[in-house]
Structures are given as structure tokens and as C-alpha cells.
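Working through the structure, step by step
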Amino acid sequence: MARRVNIMMDEDSWSVIRKLPRGARSRAVNAAIREWSGASRRQRASARMDALRERLPAVETDRIVQWIREGRERMLP
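What this report covers is the structure whose coordinates are included nearby. (Residues numbered from 1 in each chain as written. Predicted model: local features only at pLDDT ≥ 70, side-chain atom pairs only at ≥ 80, totals over all residues. Heavy atoms only, no water.)

Concerning the overall build of the protein
To keep things clear, this is the line we draw: Runs of H or I in DSSP of at least four residues are treated as helices and runs of E of at least two as strands, each being numbered from the N terminus. Throughout, radius of gyration means the C-alpha value; the globule benchmark is 2.2 Å times the number of residues raised to the power 0.38. Each residue is assigned to one of three classes by its accessible area relative to the maximum for its type, calculated with a 1.4 Å probe on protein chains only: buried under 20%, partly exposed between the two thresholds, exposed over 50%.
Within the protein, the regular secondary structure consists of 3 helices and 0 strands. Reading the protein from its N terminus to its C terminus gives the helix and strand order α-α-α. The globule rule puts the C-alpha radius of gyration for 77 residues at 11 Å, and the 23 Å found for the protein is more than 25% above it. When the backbone C-alpha atoms are referred to their principal axes, the protein occupies close to 55 × 35 × 20 Å. Looking at the protein residue by residue over its 77 residues, the buried ones come to 8%.

Shown next, in the form of C-alpha cells:
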């Protein structure tokens, strides 16, 4: 469901949006918000992973490979 909203934007942003055809303006703003939202979500997830990495002990690569192989074997019929 679409919603109509009023927003304030600076002159630089408005000069870019103003050049777009009216139908493309909403699509451009929606795409920009989705891109920003995805980037923000990935950045927060990365920060959480970094925090976990600092708290948890290091694991040997061989052990990780073993876990992956065990997981794959459980998934095979």
C-alpha cells in the first residue's frame, strides 16, 4: 500500500529530483531508501559480528571445515 508523505529536502537533492519525470520521482526516492536501509542493516549486522568476534574465542580453520562437512552430511539423504 502506498502512502503519501511530505518531506523536507535540501536544494541540492531537490534539483536532482526536480529533473525526473513525476512518476519516476517516487520510484527514485523509494529505491534510495531501500538501498540506504539495506546498507544500514548490513552495517549494524557487521558491528554485531565484530562484537561477537571480540568476545568469543578463536576457532581453528580445520575445526570450522569439520563443522561444515558434518552439516552437509546431515543434509544429504
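Structural notes on the side chain of Arg-25
Which entries qualify depends on this criterion: Distance and chemistry together define a polar contact, namely a pair of N or O atoms within 3.5 Å, with one atom able to donate a hydrogen and the other to accept it when in protein, and with adjacent residues in sequence counting only for side-chain atoms on both sides. Should any heavy atoms of two residues lie within 4.5 Å, those residues are counted as being in contact.
Structurally, the position occupied by Arg-25 is in helix α2 (residues 22–55). At 3.3 Å, the side chain of Arg-25 and the backbone oxygen of Leu-20 are in polar contact. Ignoring any residue separated from it by four or fewer positions in sequence, one finds Arg-25 in contact with Trp-14, Ile-17, Arg-18 and Leu-20.

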